[in-house]
Amino acid sequence: MMIICGHHQKVGYQENGEGAYDLAFLPRGKRMAGTGSFSEILDGENNVYKYYSEGEWRKSVSGKSVAIVNPTTRKTQYKVQACSQAEVNKVMEAAKIAQKAWAKTPLWKRAELLHKAAAILKEHKHPIAECLVKEIAKPAKDSVTEVVRSGDLISYCAEEGVRILGQGTFLVSDSFPGNERTKYCLASKVPLGVVLAIPPFNYPVNLAVSKIAPALIAGNSIVLKPPTQGAVSCLHMVHCFHLAGFPKSLINCVTGKGSEIGDFLTMHPGVNCISFTGGDTGISISKKAGMIPLQMELGGKDACIVLEDADLDLAAANIVKGGLSYSGQRCTAVKIVLVMESVADALMEKVNAKVAKLTVGPPEEDCDITPVVSESSANFIEGLVMDAKEKGATFCQTYKREGNLIWPLLLDNVRADMRIAWEEPFGPVLPVIRIGSVEEGINHCNASNFGLQGCVFTKDINKAMIISDAMETGTVQINSAPARGPDHFPFQGLKDSGIGSQGITNSINMMVKVKSTVINLPTASYTMG
Ligand code: NAP
């Protein structure tokens, strides 16, 4: 077993014969994944979770399954169906038919069902959080937060949808030169059709519902392809929509490795929109996809610029939380610190003091730093660390790794020739570059191929605004670490960080098209004053 953070006690979990942890020792009300209301989603005979098609939980005719390895134990925790191409075809056909009927369902009814799904999801936060802990090693408390936040997102989306989708535009023709008022244009919003949703492993539930809820309120149907790590959490979440009573085939969930069924899904002629969150895979999808709207939220290398007049305690707290929460596996994690040389020593002292207090260990015990998602991910992170070591970076802590667990590490005096200066580690390793001028910091930030978020710490709002304008990123946070939420804020990346904008309102608007109906009058009509 791994080293566990000091004062924590291991409770409630016992390793079973196959290396997975069972929950026999948890209190009754907390024994949950695949049991009780969720028993129907598990093929108990083969211990493989089913996929969801035509309103039913099904076993794949492929007879094959995909193993989900627990990042902490590095042993198989769950298995899901490896869906076949024929099954994908069937799902697409059924989703297309279901969408036509759903588009005729009144907005208020769509919203009502979404509110119901949100309540059921929140009610089942513990079993779903349990899956997140096991599949992606997210700390237990954060796992519960992810599910609750997802319920809130669904409800907000329902409310926002009934307002913005209930409004269109009314235009008269005589504002354009040469026209009399003989045409009235009624522009309304209509659904796109079948939306393919592909979330990443790090927020499988939240980033699935951030696609599902806008799609549904806008009158679309959904085909969800969950990430392999996170698939079982997603299947539980989908079951909450099933329990809410959505029409059959409106929501579908096919499982299987992205590398095996991904291309078939993204290039499928039945798909009318793709909403994808993940890494570079998104770039290749956007090259292969047909002429359909794309929403791509991809990687980031979010810079944190610290000026001489910054509140260094505030900056240090945000660097540690922003850079190392969920072991740095967040798209908006602080991924490079650019600090003015004159305050660098003072800042690093504060940051390192906070890093020393982080707990390291398994997610069940709510440790701050938990194992990264896979062995290949841990190897990749190690590669970046070794490259920085060879090229002379200063190690603020000793590099330490056990299995997929990597201890938090700050690398000071990083230079532009090191890979870590540019690449996204997606792990608890944070590089620091000391800069001589603000321009140097902005230049580094803008030379990146990413452009997700950035942040600046200063007490001078005028300087902050100038820096915000200069940073080529979708969002700049002033005096706080980058963050995706609150979920109704617009959220977007420039360059390789994405296409389009998310946030509840923007996602709803992205999942509709504008339809105009023009009334032509025989004679010009003017309002008589
Ligand atoms: P990933 O490897 O790109 O995978 C994302 C999703 O794509 C998974 O569901 C994956 O399924 C699927 N996939 C893989 N190959 C595919 C293919 N050929 N066609 C279609 N789908 C395919 O990313 P990840 O490792 O899960 O997540 C980490 C990355 O996501 C980081 O780069 C992070 O910055 C980014 N991210 C961005 C945001 C944002 O909003 N900007 C938010 C969170 C994360 P399998 O799991 O089955 O391979």
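Residues numbered from 1 in each chain as written. Predicted model: local features only at pLDDT ≥ 70, side-chain atom pairs only at ≥ 80, totals over all residues. Heavy atoms only, no water.

Rules: UniProt positions are given in the numbering used here, feature names are shortened, and annotations may be inferred rather than shown by experiment.
Under an unreviewed UniProt entry, the name given to the chain is NADP-dependent glyceraldehyde-3-phosphate dehydrogenase, and the source organism is Trapa incisa. Quoted straight from UniProt, the Catalytic activity (unreviewed entry) entry for the chain says "D-glyceraldehyde 3-phosphate + NADP(+) + H2O = (2R)-3-phosphoglycerate + NADPH + 2 H(+)". Looking at the chain in UniProt, the text filed under Subcellular location (unreviewed entry) is "Cytoplasm".

**What to know about the sheet that holds strand 21 (residues 409–412)**
Definition in use: When DSSP locates at least two bridges between a pair of strands, those strands are taken to pair. Secondary structure follows DSSP: runs of H or I at least 4 residues long count as helices, runs of E at least 2 residues long count as strands, and numbering of each begins at the N terminus. Only heavy atoms matter for contacts: two residues are in contact if any of them lie within 4.5 Å across the pair. Axis lines are fitted through C-alpha atoms, for helices just across the contact stretch, and the angle between N-to-C directions can take any value from 0 to 180 degrees.
Within the open sheet, the seven strands sit side by side as 18-21-22-17-16-24-25. Their pairing is mixed. A single partner strand is all that each edge strand has here, and the edge strands are strand 18 (394–395) and strand 25 (475–478). Across the sheet, helix 10 (residues 341–356) is in contact with strand 16 (303–306), strand 17 (336–340), strand 21 and strand 22 (429–435); its angle to strand 17 comes to roughly 135 degrees. Across the sheet, helix 13 (residues 461–470) touches strand 16, strand 24 (453–457) and strand 25, and the angle it forms with strand 25 is around 165 degrees.

**So, the nonpolar core**
Put simply, the rule reads: What makes a nonpolar core is a set of buried Ala, Val, Leu, Ile, Met, Phe, Trp, Tyr and Cys residues whose side-chain atoms join them at distances within 4.5 Å. Each residue is assigned to one of three classes by its accessible area relative to the maximum for its type, calculated with a 1.4 Å probe on protein chains only: buried under 20%, partly exposed between the two thresholds, exposed over 50%.
Membership of the largest hydrophobic core comes to 68 residues, with the highest contact counts inside it found for Leu216, Leu224, Met237, Phe241 and Phe246. In terms of residue count, helix 6 (residues 231–244) provides more of this core than any other element does, nine residues in total. Excluding residues that lie within four positions of it along the chain, phenylalanine 241 makes contacts with Leu114, Ala117, Ile154, Val209, Ile212, Leu216, Phe246 and Ile251. Membership of the second largest hydrophobic core comes to 59 residues, among which are Ala310, Val339, Met348 and Ile381.

**Let's talk about the packing of aromatic side chains**
Cut-off, in case you're wondering: A pair of aromatic rings is counted whenever rings of Phe, Tyr or Trp (Trp by its six-membered ring) have centres within 6.5 Å, and the orientation is called stacked for planes under 30 degrees apart, edge-to-face for over 60 and tilted otherwise. The rule is short: NZ of Lys or CZ of Arg within 6 Å of the ring centre and within 35 degrees of the ring normal puts a charge over the ring.
Counting across every chain of the model gives six aromatic pairs. Taking the centre distance of 4.7 Å and the plane angle of 35 degrees together, the rings of tyrosine 52 and tryptophan 57 count as tilted. Looking at tryptophan 57, the relative accessible area reads 9%, which means it is buried. Ring geometry for phenylalanine 201 and phenylalanine 426: centres 5.9 Å apart, planes at 80 degrees, overall edge-to-face. In this pair, phenylalanine 201 sits in the loop between strand 11 (194–198) and helix 5 (206–217) while phenylalanine 426 sits in the loop between strand 21 and strand 22, placing the two residues 225 residues apart along the sequence. Note on phenylalanine 201: relative accessible area 18%, which makes it buried. Aromatic rings pair up to connect Trp102, Phe241 and Phe246 into one cluster. Positioned above the aromatic ring of tyrosine 203, the side-chain terminus of lysine 138 is 3.7 Å from the ring centre. For arginine 484, the ring lying beneath its charged end belongs to tyrosine 203, and the centroid distance is 5.0 Å.

**What to know about the site of the ligand**
The condition is simple: The criterion for a residue being near a molecule or strand is simple. One of its heavy atoms has to lie within 4 Å of it. What qualifies as a polar contact is a pair of N or O atoms within 3.5 Å, subject to a donor-acceptor requirement within protein and to the restriction that residues adjacent in sequence count only when both atoms come from side chains. What sets the accessible areas is the Shrake-Rupley method with a 1.4 Å probe; for residues, cover comes only from the shown protein chains. Classification convention: Asp, Glu, Lys, Arg as charged; Ala, Val, Leu, Ile, Met, Phe, Trp, Tyr, Cys, Pro as nonpolar; all other residues, Gly among them, as polar.
The environment of the ligand is formed by 31 residues, the closest being Thr228, Gly258, Gly279, Leu298 and Glu424. Contacts to the ligand include threonine 228, whose side-chain N or O atom sits 2.6 Å from an oxygen atom. Backbone polar atom of glycine 258 to an oxygen atom of the ligand: 2.8 Å apart, as the coordinates give it. Against a free-state accessible area of 910 Å², the protein chains account for coverage of 85% of the ligand. Elements with a contribution of two residues or more to the shell around the ligand: helix 7 (258–266), strand 14 (273–277) and helix 8 (281–288). With five residues, helix 7 is the largest single contributor of residues to the shell around the ligand. Along the lines of polarity and charge, the residues of the shell around the ligand split into 14 nonpolar, 12 polar and five charged.

**Section: the state of the cysteines**
As a reminder, the rule being used: Disulfides are defined in this document as cysteine sulfur pairs within 2.5 Å.
Per the counting criterion, the structure on display carries zero disulfides. Cysteine 445 forms no disulfide, and the closest cysteine sulfur to it belongs to cysteine 455, at a distance of 9.8 Å. By relative accessible area, cysteine 445 is classed as buried at 7%. Cysteine cysteine 455 remains unbridged, with the sulfur of cysteine 304 as its closest cysteine sulfur at 3.5 Å.

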